[in-house]
Amino acid sequence: MTARLRRLVLPLGVFAGLVLVWELAVPAFRIQQIVLPAPSGIVRTMVQMAGPIAFHARHTLVTTLIGFGAAVGLGLLLGFLIGASVTARDALYPLLVGFNSIPKAAVVPMLVMWFGIGAVPAVLTAFLLAFFPVAVNVALGLATLEAELRDVLRVLGASRWQIFRKVGVPRTMPLFFASLKVAVSSAFVGSVISETVASNAGIGYLMAVAASDFNTRLAFGGLFVLAAMGVALYGVFAAIERRVTGWAYAE
Amino acid sequence: MGEERHAPPHVHLNPQAVAIRGVSYDYVTGGRVTRALADVTLDVPRGSTVAFVGPSGCGKSTLLKLIAGLLKSTDGVIAVDGRSVVGPLKNVGMAFQNPVLLPWRSVLDNLLLPLEILRENGDPRAPDRVLWRDKAIALLGTVGLAGAEHRQPRELSGGMRQRVSLCRALIHEPALLLLDEPFAALDAFTREEMWELHQKLRLEREFTGVLVTHDLREAMFLAQTIFVMSANPGRIAHVHQVRLGVPRTLEQLYSPEATALMRTMREQIRPSRQAVA
C-alpha cells in the first residue's frame, strides 16, 4: 500500500468502524430514537429532506464564503501593515490579540440588535472569527525576514517597497495559504453560531428548529452536513496551499 | 611580513577603494550607550582584499555594515571610491555565513534577483534579461555549478548554496565585495575549495574585497592586509601585510613565515579575549 493510499484508507476505516459500532449499539442497548438515532435512520431522514437541507447548506456556504472573503482582505491588509511597520505593530498587535480573546458568540446578540435576524450577522460573525489568523500569519511572514537578505538587497539600492514585493510577499505566501484553511474553518464556525442564535436560513437554523421539534434525526443530519462541509472547505484550501506554495513543503 | 603602523591619510590624491578616517560607532540598548568601535582609521587599496579578525564582539561585522552604509557612524568619515558614505551603497556585493537564497526561486532566478532590482531602478548595467541569463549561467560554470541553474536551492548542499550566494554577490560585477564569515558554516575541505574559488574570481574580476572572519588561515589565504581588532571598544590593534604572492596555494599556509604570522596573530587576539572574560 502506498503511503498516500494509507493516509486515506486508515482514517476512513476507523470512521466506518465507529459508525458501525454506533449502528449496532443503538438497538443493542435499546436507545430511544429521540435520544440517539441510528446512523441509518439519520441518512434516511437526510435523503427525505435533501431539498431543504441543500437549500440551507447553500445558504451557510455563501454566508461563510462572503465573511471569509472579507476576512482575507482585511487580514492581508492588517498583516502587511503590522509586518512592515514596527509602529503599526506596536500600536495594533495588542489590540488584535485583545479583540481575538473575546468569545465571538457573545458578539452575535449585538450584531442582531444592529442588523436584525438574518444573513448579515452571520456574515459578520464569520468575518470576525476569520481575519485574525490571516493577519497574524501574514505579519509573521514579513517580520521574520532574514536581516542578511535585507542587507544583500539594500546594498543593491533596493527600496523598502522592492524588498517587500520581491522577498516579503512571496516569502509570506506559505503562511498566508496555511492561514486560509484555518480561517475558512473559523468563518464556518462563525456563520453557524450566528445562524443557530438568530437566523431564518442556514444549517445552523435548520438544526435549531429540528432540536426544538425534538426531531433528533434531522438535527444529526444537519451535523453530518456541517462535518462534511467543514472537511471539504478545509480540504479545498489545503489543496490550494500545496499547489501554490509547494516549495515550502518539499522534504 | 611584519607589523606596520597606520598609513597617513591622503584620501584625495589617490582615492582608495575604501578610506576610513576616525570612525566610531555607538549603539544604545535600554538607555545605555555602548561604544562598539573607537577611532578606526584605515585604507583598503583598490583591487586588494583585506581581512578583519579578532575576538567576538570586537565590532568587525559592525565595521562591515558601516562600510556598506547599512549603519551610520557616530563619528568619523568613510569614503568608498572617494565619495563619503551617507546611505546604503548601490554597487556592492554582500555574502554572509547564511546564504539566504530565496527557496521559491530556482538557482538562476536567485542570481537574477540583483539584476531585477538594478533594472527596476534604471541602472544601465542591467539592460537585458537574456544577456544576463547567459552571464549568470557562465558564472555558475566558473564556480563549478554548471547545469545547476534550474535546480531549487533546497536540492543543493551547503557548499553549493554558498557558491550560489557568492555568485549572487558578484553577478552585477560590483566594485566592492563584502563578506561576513561567508564560509564559517562549511566543512574544512569545502571551505578551502571556496578560498581557492574566491581567489580565482578575484583575479579574474579585480574587485576589492573586505572579509570578516574568525579563521586566521582564511584571512591569510584571502587577504593582502589583515587587521587584528581588539574588543571593548572595537579598535584596530595590529596591522599585518601578508606577503605570500599571487596566486596563493594552500601549501603556502604551512610555510614557516605563514605559521609565524599565524602564531603572532593568535597571541595578539588572546589577551583581548581574556579582557572580555
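Residues numbered from 1 in each chain as written. Chains lettered and ligands numbered in written order. Predicted model: local features only at pLDDT ≥ 70, side-chain atom pairs only at ≥ 80, totals over all residues.

## Brief notes about the overall build of chain A
Stage number 1. Helix and strand counts for chain A come out as 10 helices and zero strands.
Stage number 2. Along the chain direction, N to C, the helices and strands of chain A fall in the order α-α-α-α-α-α-α-α-α-α.
Stage number 3. Projecting the C-alpha coordinates of chain A onto the three principal axes gives extents of approximately 75 × 55 × 30 Å.
Stage number 4. Burial status across chain A gives 37% buried among its 251 residues. (Helix = DSSP H or I, 4+ residues; strand = E, 2+ residues; numbered from the N terminus. Buried ≥ 20, exposed ≤ 12 C-beta atoms within 10 Å, placed from the backbone.)

## Side note on the confidence of the model for chain B
All names here are of chain B.
Stage number 1. This prediction gives chain B a mean pLDDT of 87; 91% of its residues lie at or above 70.
Stage number 2. Overall, residues 1-13 carries pLDDT values under 50, and its contacts beyond four positions in sequence, including any with other chains, amount to 20 contacts.
Stage number 3. Reported confidences for the modelled complex are a pTM of 0.77 and an ipTM of 0.80. (pLDDT = per-residue confidence, 0-100. Contact = placed C-beta atoms within 7 Å.)

## Observations regarding the environment of R168 of chain B
Residue and element names in this part refer to chain B.
Stage number 1. With respect to the element layout, R168 can be found in helix α4 (residues 158-170).
Stage number 2. Along the chain, R168 and G31 lie 137 residues apart, while their C-alpha atoms are 38 Å from each other.
Stage number 3. The contacts of R168, once residues within four sequence positions are left out, are N110, L111, L113 and P114.

## Here we look at the sheet that holds strand β3 (residues 32-44) of chain B
Residue and element names in this part refer to chain B.
Stage number 1. The strand order across the open sheet formed by four strands is β3-β2-β5-β6, and the pairing between neighbours is antiparallel. Each edge of the open sheet is held by one strand with a lone partner, namely β3 and β6 (83-84).
Stage number 2. Across five bridges, strand β2 (residues 18-29) lies against strand β5 (residues 75-80) in antiparallel orientation. Of the residues in β5, the one forming a bridge with A19 is A79. (Pairing = 2+ DSSP bridges.)

## Some remarks on unusual backbone geometry
Residue and element names in this part refer to chain B.
Stage number 1. Of note, the bond from N232 into P233 is cis; its omega dihedral lies within 30 degrees of zero at -10°.
Stage number 2. Position of P233 relative to the elements: it lies in the loop between β10 (225-230) and β11 (235-241).
Stage number 3. For E206, which is not a glycine, the phi torsion comes out positive at approximately 55°.
Stage number 4. Mapped onto the fold, E206 is located in the loop between α5 (188-205) and β9 (208-212).
Stage number 5. Owing to 12 C-beta atoms within 10 Å, E206 belongs among the exposed residues under this scheme.
Stage number 6. You will see that N232, though not glycine, has its phi angle at about 55°, which is positive.
Stage number 7. As for its position among the elements, N232 is in the loop between β10 and β11.
Stage number 8. Classification of N232 by C-beta neighbours within 10 Å gives partly exposed; the count is 16.

## A word on the domain arrangement of chain B
Residue and element names in this part refer to chain B.
Stage number 1. Assigned domains of chain B: these are domain 1 (2-91 + 176-276) and domain 2 (96-174).
Stage number 2. Here the C-alpha centroids of domain 1 and domain 2 sit 25 Å apart.
Stage number 3. Tallying the contact residues gives 16 residues for domain 1 and 11 residues for domain 2.
Stage number 4. Listed by contribution, the elements that provide at least two residues to the side of domain 1 that touches domain 2 are β8 (176-180) and α5. (Domains from an automatic or database assignment.)

## Concerning the packing of helix α2 (residues 107-120) of chain B against helix α3 (residues 129-142) of chain B
Residues and elements named next belong to chain B.
Stage number 1. Between α2 and α3, whose axes approach to 10 Å, the crossing angle comes to 125°. Between α2 and α3, the crossing angle belongs to the class labelled oblique. Once α2 is placed against α3, the crossing between them reads as right-handed. Together, L108, L111, L112 and L115 of α2 and W132, R133 and A136 of α3 make up the contact between the two elements.
Stage number 2. Considered class by class, the residues forming the contact of α2 with α3 number six nonpolar, no polar and one charged. (Axes fitted to C-alpha atoms, helices over the stretch in contact; angles between N-to-C directions. Parallel < 35°, antiparallel > 145°, perpendicular 65-115°, else oblique. Left-handed = near helix turned anticlockwise from the far one by under 90°. Nonpolar A, V, L, I, M, F, W, Y, C, P; charged D, E, K, R; others polar.)

## Some details on the interface of chain A and chain B
Stage number 1. Each side of the interface is counted separately: chain A has 19 residues, and chain B has 22 residues.
Stage number 2. The greatest single-element share of the side of chain A that touches chain B, amounting to six residues, is contributed by helix α7 (residues 147-154) of chain A.
Stage number 3. Considering only residue class, the side of chain A that touches chain B consists of 11 nonpolar, two polar and six charged.

## A short note on the nonpolar core
Stage number 1. Counting 88 residues, the largest nonpolar core has I67 and L178 of chain B as the members making the most contacts within it.
Stage number 2. Considering each element in turn, this core owes the most residues, seven residues, to α2 of chain B.
Stage number 3. When residues of this core are assigned to domains, at least three fall in each of domain 1 (2-91 + 176-276) and domain 2 (96-174) of chain B.
Stage number 4. Those residues in contact with I67 of chain B, other than ones at most four positions away along the chain, are V18, I78, V80, L178 and V210 of chain B.
Stage number 5. In terms of nonpolar packing, the next biggest core, distinct from the first, is built from 46 residues, L111, V136, V138 and I203 of chain A among them. (Core = buried A, V, L, I, M, F, W, Y, C linked by C-beta atoms within 7 Å.)

## Quick word on the environment of A130 of chain A
All names here are of chain A.
Stage number 1. Mapped onto the fold, A130 is located in helix α6 (residues 119-143).
Stage number 2. Using a count of 31 C-beta atoms within 10 Å as the deciding quantity, one classes A130 as buried.
Stage number 3. Separated by 30 residues in the primary sequence, A130 and N100 have C-alpha atoms spaced 10.0 Å apart.
Stage number 4. Not counting chain neighbours up to four residues away, the residues in contact with A130 comprise G67, F68, A71, A183, S186, A187 and G190.

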